[in-house]
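Structural characterization, general
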Amino acid sequence: MKAIRINTIIDPSILPFEEVKDLKGKKAEIIILVEDGCDDAESDTYKAAGSLNKYADLSKVAEEKAAYKKHIEEKYGNSRR
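Figured I'd write up the structure that's included with this text. Fair warning: this is a prediction, and the values are worked out from it, not measured in the lab. (Residues numbered from 1 in each chain as written. Predicted model: local features only at pLDDT ≥ 70, side-chain atom pairs only at ≥ 80, totals over all residues. Heavy atoms only, no water.)

This brings us to the overall build of the protein chain. Within the protein chain, the secondary structure is distributed over 3 helices and 2 strands. When the elements of the protein chain are put in sequence order from the N terminus, they spell out β-β-α-α-α. For the protein chain, buried positions account for 4% of its 81 residues. Look at the contacts in the protein chain between residues 6 or more apart in sequence, and 48% of them connect residues 24 or more apart. For the protein chain, the computed accessible surface area is about 8100 Å², with 53% contributed by carbon and sulfur atoms. (Helix = DSSP H or I, 4+ residues; strand = E, 2+ residues; numbered from the N terminus. Buried < 20%, exposed > 50% of the residue type's maximum accessible area, 1.4 Å probe, protein only. Contact = heavy atoms within 4.5 Å. Areas by Shrake-Rupley, 256 points an atom, 1.4 Å probe, with all protein chains shown as cover.)

Moving on, we come to the pairing of strand 1 (residues 2-9). The buried fraction of strand 1 is low, at 0 of 8 residues. For strand 1 and strand 2 (residues 27-34), the ladder comprises 8 bridges, and the chain directions are antiparallel. Bridge pairing in strand 2 places Asn7 opposite Glu29. (Pairing = 2+ DSSP bridges.)

Next up on the list: the pattern of salt bridges. This model, assessed by the stated rule, comprises 3 salt bridges. Note that Glu63 is salt-bridged to Lys60, the shortest N-O span being 3.9 Å. (Salt bridge = Lys/Arg side-chain N within 4 Å of Asp/Glu carboxyl O.)

Attention shifts here to the environment of Gly25. Along the chain, the position of Gly25 falls in the loop between strand 1 and strand 2. Given the relative accessible area of 47%, Gly25 is considered partly exposed. With 17 residues separating them in the primary sequence, Gly25 and Thr8 have C-alpha atoms 9.4 Å apart. Excluding anything up to four places from it in sequence, Gly25 contacts Ile9 and Ile10.

Written out as structure tokens, the structure is:
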């Protein structure tokens, strides 16, 4: 989703909405939210889930799974209370 912010003074002749008729001449920030649609061309070229895949080091997966345990042992030793 993309947001566009516009700071302006409200002029009902430019903004033909019922909600702004009573606000003529007041300062306002208008926020337009543009929802990303399902564009076929864009979805084929960019996949967010795999965008960092080229940096993955599969040999580190086993090490990552044991990283917390290793960190605790290094920090506190093997003391059990």
